[in-house]
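# Chain and residue survey
Here is how the chains run, residue by residue.
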Amino acid sequence: MTEVTRVPIQPISKGSLTKIWLGVVIALLLGAGLAWAAVPKGFNIETIVEGEGPTPQEGDMVFVRYKGSLAATGEVFDESQDIPLPVEGVFPEGSPFPIEPDATIEGFYKGLQQMQKGGTYELYIPAEMAYGAEPPAGAPIPPNADLIFEIEVVDFMSREVFDRNLSILQRAMESQMGPAGPGGPQGAPQGAPGAVPGN
């Protein structure tokens, strides 16, 4: 018959039980934090600087300064640039974006409608509301990339006012270009835009 040798269990010292439970709680919190970080975030707008007044409506043109980056790496893939116009006061600074379906990515379209003039925002756009599995050819955006945009809303106007102002700008540019056309002695001034950005 085999004899079982008994090993006496040492009692747990007074502070050890607390340390064990504390370790378990920390491990659980750490696991929950890692799990939360791994879950894809949804569409979100964070206000950095409060704007004022109404928000843009369907059909408006919104003028913004923006910087777009990849959520995963922080790498900037696009940034707005102010274009000097030959006629001041016709358009505000910034890049114009129409509030129309399919004119921009869905997240940008929805986000602009929740922003106010003078406000600065951080817009988180999940891949399914951005470029999804098929980003534009040649763009430095990988498939299924979540995007972050920092956006300052300079101003916005109705499409009717935008079209009227665009007509004023075109007439001013034609009068500056003269009969010789671009590149001739009466050509367009340096820095004149060839096209409206954002379209």
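Placed above this text is the structure.
What you see is a predicted model, and the numbers here were worked out from it, not measured in a lab.

On to helix 3 (residues 159–177), then. When the terminal C-alpha atoms of helix 3 are compared, their 26 Å separation across 19 residues agrees well with the 27 Å that a helix rising 1.5 Å per residue should span. Those residues of helix 3 not exposed but buried are Phe-162, Asn-165, Leu-166, Leu-169, Ala-172, Met-173 and Met-177. End-on, the buried residues of helix 3 take up no more than an arc of 130°, which puts them together on one face. Away from its buried face by more than 90 degrees, helix 3 exposes Glu-160, Arg-164, Arg-171, Glu-174 and Ser-175. Buried residues in helix 3 make contact with strand 2 (61–70), strand 4 (95–98) and strand 6 (147–157).

This paragraph deals with the nonpolar core. Grouped together as the largest cluster of nonpolar side chains are 24 residues, with contacts concentrated most on Val-64, Phe-108, Leu-112, Leu-147, Phe-149 and Ile-151. Those elements giving two or more residues to this core turn out to be strand 2, helix 2 (106–112), strand 5 (120–125) and strand 6. In terms of residue count, strand 6 provides more of this core than any other element does, 5 residues in total. Counting residues in each nonpolar core, the second largest holds 9 residues, with Met-61, Phe-63, Met-157 and Leu-169 among its members.

A word on the pairing of strand 4. Side chains of strand 4 alternate between two faces, with Ser-95 and Phe-97 and Pro-96 and Pro-98 buried alike. Across 4 bridges, the pairing between strand 2 and strand 4 is antiparallel. Of the residues in strand 4, the one forming a bridge with Phe-63 is Pro-96.

Parameters at a glance
- Residues numbered from 1 in each chain as written.
- Predicted model: local features only at pLDDT ≥ 70, side-chain atom pairs only at ≥ 80, totals over all residues.
- Heavy atoms only, no water.
- Helix = DSSP H or I, 4+ residues; strand = E, 2+ residues; numbered from the N terminus.
- Expected span 1.5 Å × (residues − 1).
- Buried < 20%, exposed > 50% of the residue type's maximum accessible area, 1.4 Å probe, protein only.
- Arc of directions from axis to C-beta.
- Contact = heavy atoms within 4.5 Å.
- Core = buried A, V, L, I, M, F, W, Y, C linked by side-chain atoms within 4.5 Å.
- Pairing = 2+ DSSP bridges.

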